[in-house]
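Listed here are the chains, written in short residue letters.
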Amino acid sequence: MLNKEQLSLEQSVFEKRLSGLGIVLPDVPKPLGSYVPWVMSGNLLYLSGSVSSLYQNPDGSHPFIGAAGRERTLEEAQAAARYAAMVQMAVIRDALGSIDWVKRIVFVSGFVWGVEGFTDSPKVINGASDLYGEVFGEAGRHARAAVSVSGLPGGATVEVQTIVEFDV
Amino acid sequence: MLNKEQLSLEQSVFEKRLSGLGIVLPDVPKPLGSYVPWVMSGNLLYLSGSVSSLYQNPDGSHPFIGAAGRERTLEEAQAAARYAAMVQMAVIRDALGSIDWVKRIVFVSGFVWGVEGFTDSPKVINGASDLYGEVFGEAGRHARAAVSVSGLPGGATVEVQTIVEFDV
Amino acid sequence: MLNKEQLSLEQSVFEKRLSGLGIVLPDVPKPLGSYVPWVMSGNLLYLSGSVSSLYQNPDGSHPFIGAAGRERTLEEAQAAARYAAMVQMAVIRDALGSIDWVKRIVFVSGFVWGVEGFTDSPKVINGASDLYGEVFGEAGRHARAAVSVSGLPGGATVEVQTIVEFDV
């Protein structure tokens, strides 16, 4: 799976698509606690949750911190979810050597920090789901649960956590 | 697994039990975002979360929208959880062709939209767990986590998400 | 796997380490609803969530009930998470006969009941993650998602839920 010669012989579909979209993945963040970014079990890759709070504008401001429906608009929250999915893809590449080894995005847990009674978690998490669809096509069509919670690490607007099936 | 002739030869235990309980499963709802209702990986079926907000009374009112402990009583929230589990069973049938192919309900994530400090998420989610027990018997005895969150899609009182092991 | 003679011949690493840390695991609690403490599927063990509310001081008080950031300090919430992980280990022993059969702690879901906007769920859940690291070493390095929710069963400060890969 991690054989780089084999990889160069394969048609590198998902990495090419990612480049074609002009997306440069962020660095894999240092875990916020005593855990690891990913664990493999069988042909499943369990990712740790990625939070949108890590993103920083060039001016040092944090656009993806704060509650959806109060500090953040729906559009900002969707962008936060898209960013969290980009971090998840960076972790997938770190784990597998390339996102080309993704066989299926199996499941996405989407957590939105929203105001009490926030109802639009599905629209927010679509920011992540849409990106998976753009990059992985059919292999990116996943099952999902989206909920709104009362707080996320570092004040993040969104946390996304993914289970991936990979080619062995 | 989807061979309908084979299925007709099998003793259709769970479907028969469901009929015997007088339960007619609802339609599989259209996903609220860019994801799919289920994904198979190995012999596990990952369902997307089902929300109670979709249910509508004949008069057009929605009994399973609103926070438990404020708009909804414990009994209403339990009924909402039971309904969400019925939707999950409809998705299982859609995925496997029949709920008879269920080998084990493995895990249930139960999310309740409750007032701040809501403590009765286990009692609420029993509405779903009890139904799985009634229909699947021993095969319906699952592991579970139940929490109360600050908001669910469409203002749903309950969201239920299930992982199923099926016969291959 | 449950052969006790075989087990006595094995080097009982994790149980020994647990004893060496002076940790006596609590009893496996009775489920708070119509579910079971664990389900096996393939070589994965899915545990039901364990809540910190069950712990009781000798004087009958409950130190691990209440919202982090209001009734409970960060340190108390971390101790609550550590306790919840001890309960999870008791369930693992119940399922496998001994915690020595753990091959890998795969994934931890950590739920903190925190005040609105609570940002320190990672620090709180480290109370659980650190204990897994102390007992299981490399095998205890897990993927994780930590969020803050608006309420947990019985008013618990923390709920921890674990997926374990075991030796077959």
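Residues numbered from 1 in each chain as written. Chains lettered and ligands numbered in written order. Predicted model: local features only at pLDDT ≥ 70, side-chain atom pairs only at ≥ 80, totals over all residues. Heavy atoms only, no water.

A.B. asks: Give a detailed account of the interface of chain B and chain A, specifying residues and quantitative values.
C.D. replies: At the junction of the two partners, chain B supplies 26 residues and chain A supplies 29 residues. Here chain B meets chain A over a buried area of about 2,000 Å², counting both sides, of which 56% is carbon and sulfur. Considering only the side of chain B, the residues that lose the most area to chain A are B:Ser34, B:Tyr46 and B:Ser150, jointly responsible for 28% of the buried surface there. Where chain B touches chain A, the interface holds 1 salt bridge. A salt bridge links A:Glu116 to B:Arg70, with the nearest nitrogen and oxygen atoms 3.4 Å apart. If you look at where chain B meets chain A, you find 13 residue pairs in polar contact (both at pLDDT 80 or more). Put simply, the parts of the chain that give the side of chain B that touches chain A at least two residues each are strand S1 (38–41), strand S2 (44–47), strand S4 (102–113) and strand S6 (158–166) of chain B. (Contact = heavy atoms within 4.5 Å. Buried area = accessible area lost by both parts, 1.4 Å probe. Salt bridge = Lys/Arg side-chain N within 4 Å of Asp/Glu carboxyl O. Polar contact = N/O pair within 3.5 Å; in protein donor to acceptor, adjacent residues only side chain to side chain. Helix = DSSP H or I, 4+ residues; strand = E, 2+ residues; numbered from the N terminus.)

A.B. asks: Break down the pairing of strand S6 (residues 158–166) of chain C for me, with residues and values.
C.D. replies: All names here are of chain C. Within S6, 9 of the 9 residues are buried, which leaves the element mostly enclosed by the surrounding structure. Here S6 shows no split at all, with Val-158, Val-160, Thr-162, Val-164 and Phe-166 on one side and Glu-159, Gln-161, Ile-163 and Glu-165 on the other all buried. Alignment of strand S2 (residues 44–47) against S6, held across 3 bridges, turns out to be antiparallel. The residue of S6 that forms the bridge with Tyr-46 is Ile-163. The sheet contact formed by strand S3 (residues 50–51) and S6 spans 2 bridges and is antiparallel. The residue bridging Ser-50 from the neighbouring strand is Val-160, located in S6. In the sheet, strand S4 (residues 102–113) pairs with S6 via 9 bridges, with the strands oriented antiparallel. (Buried < 20%, exposed > 50% of the residue type's maximum accessible area, 1.4 Å probe, protein only. Pairing = 2+ DSSP bridges.)

A.B. asks: Tell me about the relation of the copies chain B and chain A, and name the residues and values.
C.D. replies: Both copies of the chain are related by a screw-like operation: a rotation about an axis and a shift along it. For these two chains of identical sequence, chain B goes onto chain A by a turn of 120° and a shift of 0.0 Å along the axis, with RMSD 0.0 Å. Given the turn and translation reported, the copies of this chain are related as if by a three-fold rotation axis. For chain B, the minimum C-alpha distance to the rotation axis belongs to B:Val149 and amounts to 3.0 Å. Counting the interface residues of chain B, we find that no more than 15% of their copies in chain A are interface residues as well, pointing to two distinct contact surfaces. (Least-squares fit on C-alpha atoms with pLDDT ≥ 70 in both.)

A.B. asks: Requested: an account of the relation of the copies chain A and chain C, with residues and values cited.
C.D. replies: Its rotation angle being 120°, the transformation that places chain A on chain C also includes 0.0 Å of axial translation and leaves an RMSD of 0.0 Å. When the interface residues of chain A are mapped onto chain C, a mere 15% of them are again interface residues, pointing to distinct binding faces.

A.B. asks: Residue-level account of the packing of aromatic side chains, with values.
C.D. replies: One pass over the full model with this rule turns up 18 aromatic pairs over all chains. Ring plane angle 75° and centroid distance 5.0 Å describe the contact between A:Phe14 and A:Phe136, whose orientation is recorded as edge-to-face. One end of the pair, A:Phe14, is in helix H2 (residues 13–20); the other, A:Phe136, is in helix H4 (residues 121–136), and 122 residues separate them in sequence. Residue A:Phe14 shares its accessibility class with A:Phe136, and that shared class is buried. Relative to B:Phe136, the ring of B:Tyr132 has its centre 6.2 Å away and its plane inclined at 45°; by these criteria the two rings are tilted. (Phe/Tyr/Trp six-rings, centres within 6.5 Å; stacked < 30°, edge-to-face > 60°.)

A.B. asks: Outline the packing of helix H2 (residues 13–20) of chain B against helix H4 (residues 121–136) of chain B, listing residues and values.
C.D. replies: Residue and element names in this part refer to chain B. Where H2 meets H4, the axes come as close as 8 Å, and the angle between the chain directions of the two elements is 115°. Of the residues in H4, those in contact with Phe-14, Arg-17 and Leu-18 of H2 are Glu-134, Val-135 and Phe-136. Broken down by class, the residue content of the contact of H2 with H4 amounts to 4 nonpolar, no polar and 2 charged. (Axes fitted to C-alpha atoms, helices over the stretch in contact; angles between N-to-C directions. Nonpolar A, V, L, I, M, F, W, Y, C, P; charged D, E, K, R; others polar.)

A.B. asks: Could you give an account of the environment of C:Arg82, with specific residues and numbers?
C.D. replies: Residues and elements named next belong to chain C. Inspection of the secondary structure assignment puts Arg-82 in helix H3 (residues 74–96). With relative accessibility at 29%, the residue Arg-82 sits in the partly exposed group. Residues Arg-82 and Ile-125, spaced 43 residues apart in sequence, show a C-alpha to C-alpha distance of 7.9 Å. Look past the residues within four positions of Arg-82 in its chain and what remains in contact with it is Ile-23, Gly-127, Ala-128, Leu-131 and Glu-134.

A.B. asks: Before we move on, could you go through the interface of chain A and chain C and cite the residues and values that matter?
C.D. replies: Interface size is commonly expressed as the accessible area that is lost once the parts come together. With 26 residues of chain A in contact, the opposing surface of chain C contributes 28 residues. Across the interface of chain A and chain C, roughly 2,000 Å² is buried in total on both sides, 56% from carbon and sulfur atoms. The largest per-residue losses of area from chain A upon contact with chain C belong to A:Ser34, A:Tyr46 and A:Ser150, which jointly make up 28% of the total buried on that side. Between the two partners, chain A and chain C, sit 1 salt bridge. Between the two partners, chain A and chain C, sit 13 residue pairs in polar contact (both at pLDDT 80 or more). Taken together, the elements giving at least two residues each to the side of chain A that touches chain C come down to strand S1 (38–41), strand S2 (44–47), strand S4 (102–113) and strand S6 (158–166) of chain A. In terms of residue count, the dominant contributor to the side of chain A that touches chain C is S1(A) (4 residues).

A.B. asks: I'd like a description of H4(A), backed by residues and values.
C.D. replies: Residue and element names in this part refer to chain A. Here H4 is 16 residues long and its end C-alpha atoms lie 22 Å apart, about the 22 Å a rise of 1.5 Å per residue gives. Maximum bend of H4: about 35°, positioned at Gly-127. Extensive coverage of H4 is indicated by the burial of 12 of its 16 residues. Listed as buried for H4 are Ser-121, Pro-122, Val-124, Ile-125, Asn-126, Gly-127, Ala-128, Ser-129, Leu-131, Tyr-132, Val-135 and Phe-136. Close packing links the buried residues of H4 with H2, helix H3 (74–96), S4, strand S5 (143–149) and S6. Just downstream of H4 lies Gly-137, where phi reads positive at about 55°. (Expected span 1.5 Å × (residues − 1). Bend = angle between axes of the 7 residues up to and from the residue.)

A.B. asks: How would you sum up the pairing of strand S1 (residues 38–41) of chain C? Please name residues and give values.
C.D. replies: Residues and elements named next belong to chain C. Residues Val-39 and Ser-41 point to one face of S1 and are all buried, whereas Trp-38 and Met-40, pointing to the other face, are not buried. By the bridge criterion, 4 bridges tie S1 to S2 in an arrangement that is antiparallel. By the bridge assignment for S2, Trp-38 is matched with Leu-47. Where S1 folds back on S2, the antiparallel hairpin that results is connected by 2 residues, among which Gly-42 adopts a positive phi of roughly 60°.

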